[in-house]
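Structure assessment
Take a look at the letters that make up each chain.
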Amino acid sequence: MTVPDAELTVATAGPVDRIVISNPGRRNAMTPAMWRRLPVLLDRLEADERVRVLVLAGAGGTFCAGADLGNLDELLNAGDASIAVAAEERLAAFDRPTVAAIEGACVGGGCQLAVACDLRIAAADARFGVPPARLGVVYPAPTTRRLTRLVGPSAAKHLLFTAELIDAERALRIGLVDEVLPPDGLTARTDALTATIAERSRLTIAAAKEIVDDRAGPARVAWWHRKARESGEAREGVAAANERRPPVFRWTPPTAG
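Our subject in this report is the structure included herewith.

Thresholds, definitions, all that
- Residues numbered from 1 in each chain as written.
- Predicted model: local features only at pLDDT ≥ 70, side-chain atom pairs only at ≥ 80, totals over all residues.
- Heavy atoms only, no water.
- Phe/Tyr/Trp six-rings, centres within 6.5 Å; stacked < 30°, edge-to-face > 60°.
- Lys NZ or Arg CZ within 6 Å of the ring centre and 35° of its normal.
- Helix = DSSP H or I, 4+ residues; strand = E, 2+ residues; numbered from the N terminus.
- Buried < 20%, exposed > 50% of the residue type's maximum accessible area, 1.4 Å probe, protein only.
- Polar contact = N/O pair within 3.5 Å; in protein donor to acceptor, adjacent residues only side chain to side chain.
- Contact = heavy atoms within 4.5 Å.
- Axes fitted to C-alpha atoms, helices over the stretch in contact; angles between N-to-C directions.
- Parallel < 35°, antiparallel > 145°, perpendicular 65-115°, else oblique.
- Left-handed = near helix turned anticlockwise from the far one by under 90°.
- Nonpolar A, V, L, I, M, F, W, Y, C, P; charged D, E, K, R; others polar.
- Salt bridge = Lys/Arg side-chain N within 4 Å of Asp/Glu carboxyl O.
- Pairing = 2+ DSSP bridges.
- Arc of directions from axis to C-beta.
- Right-handed = clockwise from strand over helix to strand, strands pointing away.

**Brief notes about the packing of aromatic side chains**
By convention here, two paired aromatic rings are described through the distance between centres and the angle between planes. If you walk through the whole model with that rule in mind, you get two aromatic pairs. Here the aromatic residues W223, W224 and W251 are joined through ring pairs into a cluster of three or more. Geometry around W223 places R220 over its ring, the cationic atom sitting 4.3 Å from the centre.

So, in structure tokens, the structure goes:
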């Protein structure tokens, strides 16, 4: 079923791009077309050397109220091979920092996308929930494991067993989000945070993301250390600190392929 105005849009501001979830008639629920579109957008943005940081946000004061359940049979038949899991995995694998800027509902598929981001900052009016137990649906294993790594087994079980909504302050306490801001401060804080990240060494950030996400074995870690020596990033960083000036980091990721 086609839902009018259900789309993902991209806004660019210098080195920061923002993907905006928009489905106004359904509190920004993700339709099948939107789930399929997200990896395509991520591939395009990852190929753009200009992009340093990616923000994921919702339109109209709501992050995302979940998946459009009009395609329930498709989701049930697909299991862990669903288009939603594919989109989540592609987002988690995006090779630059990702930040979810969350206001309003962040439920089900919305929470799935937020957890796949590297960082999550929320407005105080945000609400979070994982509803499969209310629907009789098995939450995908990759999604469940990612949630558990983030908040721990007990908090993950509480969210999964009860399907209750929790507020932003509780989400902060359990580690589901990193910061909570007044609703009118979310945009300014997102802009400041992403601007800071965009100024830092891309080499350091790329290596850190791979290592934190447990995607870098010993050989890859050794490769990163070698690149740090060869690139001059550390020398520039130390020189800039000694000279009391902003560093000019020049390393860029190697072109894919």
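Now that the structure is up, let's keep going.
**Concerning the side chain of R146**
For R146, the position within the fold is in helix α6 (residues 141-151). Since its relative accessible area comes to 14%, R146 is described here as buried. Of the polar contacts made by the side chain of R146, one reaches the side chain of E89; its length is 2.8 Å. When neighbours within four sequence positions are excluded, R146 is seen to be in contact with E88, E89, A92, V115 and A116.

**Comments concerning the packing of helix α3 (residues 83-92) against helix α4 (residues 109-116)**
To characterise two packed helices, one gives the angle between the axes of the helices and the distance between these axes. With their axes 8 Å apart at the nearest point, α3 and α4 run at an angle of 25 degrees to one another. If you check the angle between α3 and α4, you find them roughly parallel. Judged by the twist between their axes, the crossing of α3 over α4 is right-handed. Only Q112, L113 and A116 of α4 make contact with α3, whose side of the interface consists of A84, V85, E88, L91 and A92. Of the residues contributing to the contact of α3 with α4, the split by class is six nonpolar, one polar and one charged.

**Some remarks on the pattern of salt bridges**
Considering all chains together, one arrives at 17 salt bridges under this definition. Between D43 and R90 there is a salt bridge; the shortest N-O distance is 2.7 Å. A residue pair is termed long-range when its members are at least 10 positions apart, and D43 in helix α1 (residues 32-46) and R90 in helix α3 qualify at 47 residues. Judged by its relative accessible area of 15%, R90 falls in the buried class. Between E88 and R146 there is a salt bridge; the shortest N-O distance is 2.5 Å.

**Quick notes on the pairing of strand β1 (residues 7-13)**
Residues in a regular strand point their side chains to alternate faces of the sheet. Both β1 and strand β2 (residues 16-22) contribute to a ladder of seven bridges, which runs antiparallel. Residue A11 lies in a different strand from β2, and its bridge partner there is R18. Between the end of β1 and the start of β2, which pair antiparallel, lie two residues, with G14 showing a positive phi angle near 65 degrees.

**Side note on the environment of L176**
Here L176 lies in the loop between α8 (168-174) and β9 (179-181). Between the C-alpha atoms of L176 and P253, which are 77 residues apart in sequence, the distance is 29 Å. Not counting the four nearest positions on each side in its chain, L176 is found in contact with V115, R120, F128, L147, L150, V151, I166 and A171.

**Considering helix α10 (residues 202-212)**
Looking only at α10, the buried set comprises R202, L203, A206, A207, K209 and E210. Down the axis, α10 shows its buried residues gathered within 160 degrees of arc, on one side only. Facing away from the buried side of α10 by more than 90 degrees, the exposed set consists of T204 and V212. Of the surrounding elements, those touching the buried residues of α10 are α3, β4 (98-102), α11 (218-231) and α12 (233-242). The N-cap residue of α10 is S201: its side-chain oxygen and the backbone nitrogen of L203 are 3.3 Å apart. Directly beyond the C-terminal end of α10, a positive phi value near 60 degrees is found at D214.

**Some points on the pairing of strand β3 (residues 53-58)**
Burial analysis of β3 places six of its six residues in the buried class, which makes it a mostly covered element. Residues of β3 alternate between two faces, with V53, V55 and A57 on one and L54, L56 and G58 on the opposite face, all of them buried. The pairing of β2 with β3 spans six bridges and is parallel. What sits directly across from I21, in β3, is G58. With respect to chirality, the unit in which β2 leads through α1 into the neighbouring parallel β3 is right-handed.

**Observations concerning the sheet that holds strand β7 (residues 127-129)**
Across the sheet, three strands lie side by side as β5-β7-β8; this open sheet has mixed pairing. Across the chains shown, the open sheet's two edge strands, defined by having one partner strand only, are β5 (105-107) and β8 (166-167). Pairing geometry for β7 and β8, over two bridges, is antiparallel. Considered in β8, the bridge of F128 is made with I166. Along the sheet face, α4 touches β5 and β7 and points at about 85 degrees away from the line of β5.

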